[in-house]
Amino acid sequence: MSTTRSLTRLTRALATLAGAALIVPLGLVSTAGAEPAADSDRAAAATLREAAATKGRFVGAALYQGALNNEASYRTIAGREFSSVTAENEMKWDATEPNRGQFSYGRGDAIVNFAASAGQQVHGHTLVWHSQLPSWVNGVPAGELRSVMNNHITNVMQHYRGKVQTWDVVNEAFNEDGSRRQSVFQQRIGNGYIADAFRAARAADPNAKLYINDYNVEGVNAKSNAMYNLVRDLRAQGVPIDGVGLQAHFIAGQVPSSLQQNIQRFADLGVDVRITELDVRIQLPADSGKLNTQANDYRKVVQACLAVSRCRGVTIWGFTDKHSWVPGVFPGYGAALIYDANYQPKPAYNAVLSSFGG
Ligand code: XIL
C-alpha cells in the first residue's frame, strides 16, 4: 500500500470518527465503527465536501428524515460527505401547513438540527409549488389566496430564519413550452403571483437568498428561455430574486450539451445558479458500462458548474440508491445516485470527487 493510500485511509478513519462525534449531540446511537470500509481505497481528498470547498463550492444532498432517524450509515455519510442539505419533503407545504394556519415544523427541524451539528448549510425547499400542496389550498377563494400564500411564506421562513440560508421560493412554474403552469396560484392570483411570492420572502427573511427552481431548464430550450425572460424581467422590475435552481433529474447519457452555456446566461443576469436536485437514472438492470456513463454525466454537471463562477454548487437528490424517488416515479429506471443501496460508493462518487479536485 502506498504512503498516500495509507494516509487516505487514516484521513477517512478520522473523518468517520468525526461523523460519529457529530451525531452525538442529536442523542442518536452511533454505529460508525461498523461503517463499511470498501470506500477507503481512493487516493486524494478524503470527502466530497472537502474537495468542493477547495473550489469554493458546496456539495449537497437531499435528506430524508426517516433514514436520518433509523440508519447510522445514512447519518455518517450524510454528515461526512456533504456541506449542504435540502429536506427532500419535510419543508413542503403539506408538511409545514397541513391545515390552514396550523404550522408543523418537527420533521423539518430534524433536518435543520442535523445540518447544524454537521456544520452544513440548509437549502429550503420549497414555498410555492403546485405539488405536495394540501387540498385545503385548492379550496381557498380567489380573493384570499394571495394572503394565504404570503402568510405561508412568512411563517415558514421566519421559523427557519438564521438556519436556512437559501430558499426555493417558487418551484416548477412553467410548462415545457414555456407557458405558465396553470397551478392554483397562477389561476387565482395571476402572473404576478411569482413577484408577490418573492417580495413576501424578502420581507420574511432579508438575509436569505431567494431562488426560482425548475426541471428541464438545464439546457437552452423553450422552458429555460421562459425562465430566463422571467428572471430578467423580475430583476428589471426590482423584484428580489437572487438565484436560479436547475433541478437536473437526468437520464444516463442525456446531460444537455448546452448546460454550461445555460448556467452562464443566467449568471450574466446577475443571479446565482445552483444545481438543486441532481440524479442520473439508469435503465435497469445497471451494468458497468451504464455506471460509467452515469459517472461521466455526474462529472459533466460538476464541471459545468465549476466553469461558471456564480454557480454556487451541486446538490444531489439523495445519495444512496436505497432511498431514491426514481424507481417509484420512473418505472424501469433506478440506480440514479452516487452510493449503491448498500452504502458503497459507485463510479459516480469518484467522478464527483475527482471533478471537484479530490
Ligand atoms: C420528490 C421526492 O423526492 C419524493 O420523495 C416525493 O414523493 C415527491 O417529490 N422536483 C422537486 C422535488 O422539486 O420536490 C421532488 O421530490 C422531485 C421533483
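Another point: the overall build of the protein. Each helix and strand counted, the protein has 15 helices and ten strands in total. Pairs at least 24 residues apart make up 78% of the contacts formed inside the protein by residues separated by at least 6 positions. With the model as given, the accessible surface of the protein reaches about 13600 Å², and the carbon-plus-sulfur share is 49%.

Covered by surrounding structure in strand β6 (residues 243-246) are Gly243 and Gly245 together with Val244 and Leu246, the residues of both alternating faces. Relative to β6, strand β5 (residues 209-214) runs parallel, the two sharing four bridges. In the strand pairing of β6, asparagine 213 is matched with glycine 245. In terms of handedness, the path from β5 via helix α11 (residues 222-236) over to β6 forms a crossover that is right-handed. Alignment of β6 against strand β8 (residues 272-283), held across four bridges, turns out to be parallel. Bridging across to β8, leucine 246 finds its partner in isoleucine 275.

Glu88, Lys92, His125, Glu277 and Trp317 are the nearest of the 13 residues found near the ligand. With respect to the ligand, the side chain of lysine 92 contributes an N or O atom lying 2.7 Å from an oxygen atom. At a separation of 3.2 Å, a nitrogen atom of the ligand approaches a polar side-chain atom of glutamate 172. Grouping the constituent residues of the shell around the ligand by class yields three nonpolar, six polar and four charged.

So, about the packing of helix α8 (residues 142-159) against helix α10 (residues 193-204). Two numbers describe how α8 lies on α10: the axes approach to 9 Å, and their chain directions differ by 35 degrees. The two elements α8 and α10 meet at a crossing, and its hand is right-handed. Packed against α8, whose contacting residues are Arg146, Met149, Asn150, Ile153, Thr154, Met157 and Gln158, the element α10 presents Tyr193, Asp196, Ala197, Ala200, Ala201 and Ala204 at the interface. Partitioning the contact of α8 with α10 into residue classes produces eight nonpolar, three polar and two charged.

So, on to the environment of asparagine 69. By secondary structure assignment, the location of asparagine 69 is in helix α3 (residues 65-70). A relative accessible area of 42% places asparagine 69 in the partly exposed class.

So, on to helix α13 (residues 288-306). Between its terminal C-alpha atoms α13 stretches 27 Å, which fits the 27 Å expected from 19 residues at 1.5 Å a residue. Among the residues making up α13, those that are buried are Leu291, Gln294, Ala295, Asp297, Tyr298, Val301, Val302, Ala304 and Cys305. Of the surrounding secondary structure, the elements contacted by the buried residues of α13 are β7 (249-251), α12 (259-267), β8, β9 (311-316) and α15 (347-355).

Looking at the protein as a whole, its pLDDT mean stands at 91, while 88% of the residues score no less than 70. Low pLDDT, under 50, characterises residues 1-40; the stretch is placed with 54 contacts to residues that sit more than four places away or in other chains.

The next subject is the packing of aromatic side chains. Inspection of the entire model under this criterion finds 13 aromatic pairs. Pairing phenylalanine 319 with tyrosine 339 gives two aromatic rings, centres 5.9 Å apart and planes at 80 degrees, and the pair type is edge-to-face. Residue phenylalanine 319 is located in the loop between β9 and α14 (326-329), and its partner tyrosine 339 is located in the loop between β10 (333-334) and α15; the two are separated by 20 residues in the primary sequence. Pair check on accessibility: phenylalanine 319 and tyrosine 339 agree, each one buried. Each member of the aromatic cluster is reached from another via a ring pair, and the members are Tyr74, Phe82, Phe319, Tyr339, Tyr343 and Tyr349.

The end-to-end C-alpha distance of α11, which contains 15 residues, comes to 21 Å, matching closely the 21 Å that a straight helix rising 1.5 Å per residue would cover. When we look at burial in α11, the residues that qualify are Lys223, Ser224, Ala226, Met227, Leu230, Val231 and Leu234. Each buried residue of α11 sits inside an arc of 155 degrees when the element is viewed along its axis, so together they form one side. Here the buried face of α11 lies against α10, β5, β6 and α12. A distance of 3.0 Å separates the backbone nitrogen of lysine 223 from a side-chain oxygen at the start of α11, and that oxygen is part of asparagine 221. Once α11 ends, the next one or two residues include glycine 238, with phi positive near 75 degrees.

Right, let's talk about the nonpolar core for a bit. With 100 residues, the main nonpolar core has Phe185, Phe319 and Ile338 as its most contacted residues. Of all the elements, α10 adds the most residues to this core, at eight residues. Phenylalanine 185 has contacts with Trp93, Val128, Trp129, Leu133, Val137, Leu145, Met149, Gly190 and Tyr193, leaving out every residue within four places of it along the chain.

All right, on to the pattern of salt bridges then. Tallying each qualifying case throughout the model produces ten salt bridges. Across the pair arginine 100 and glutamate 144 runs a salt bridge, and its minimum N-O distance is 2.9 Å. Of this pair, arginine 100 sits in the loop between α5 (93-96) and α6 (106-117) while glutamate 144 sits in helix α8; the two residues are 44 residues apart in sequence, bridging distant segments of the chain. Taking relative accessible area as the criterion, arginine 100 reaches 46% and is therefore assigned partly exposed. Under the relative-accessibility criterion, glutamate 144 is labelled partly exposed at 32%. Aspartate 272 is the salt-bridge partner of arginine 310, the closest N and O atoms lying 3.0 Å from each other. Pair noted here: arginine 310 is in the loop between α13 and β9 and aspartate 272 is in strand β8, with a separation of 38 residues, a long-range link. Judged by its relative accessible area of 32%, arginine 310 falls in the partly exposed class. For aspartate 272, a relative accessible area of 15% translates into the label buried. Here the salt bridges share partners, and the residues they tie into one network are Glu176, Asp214 and Lys223.

Cut-off values and rules
Residues numbered from 1 in each chain as written. Predicted model: local features only at pLDDT ≥ 70, side-chain atom pairs only at ≥ 80, totals over all residues. Heavy atoms only, no water. Helix = DSSP H or I, 4+ residues; strand = E, 2+ residues; numbered from the N terminus. Contact = heavy atoms within 4.5 Å. Areas by Shrake-Rupley, 256 points an atom, 1.4 Å probe, with all protein chains shown as cover. Buried < 20%, exposed > 50% of the residue type's maximum accessible area, 1.4 Å probe, protein only. Pairing = 2+ DSSP bridges. Right-handed = clockwise from strand over helix to strand, strands pointing away. Near = heavy atom within 4 Å. Polar contact = N/O pair within 3.5 Å; in protein donor to acceptor, adjacent residues only side chain to side chain. Nonpolar A, V, L, I, M, F, W, Y, C, P; charged D, E, K, R; others polar. Axes fitted to C-alpha atoms, helices over the stretch in contact; angles between N-to-C directions. Left-handed = near helix turned anticlockwise from the far one by under 90°. Expected span 1.5 Å × (residues − 1). pLDDT = per-residue confidence, 0-100. Phe/Tyr/Trp six-rings, centres within 6.5 Å; stacked < 30°, edge-to-face > 60°. Arc of directions from axis to C-beta. Core = buried A, V, L, I, M, F, W, Y, C linked by side-chain atoms within 4.5 Å. Salt bridge = Lys/Arg side-chain N within 4 Å of Asp/Glu carboxyl O.

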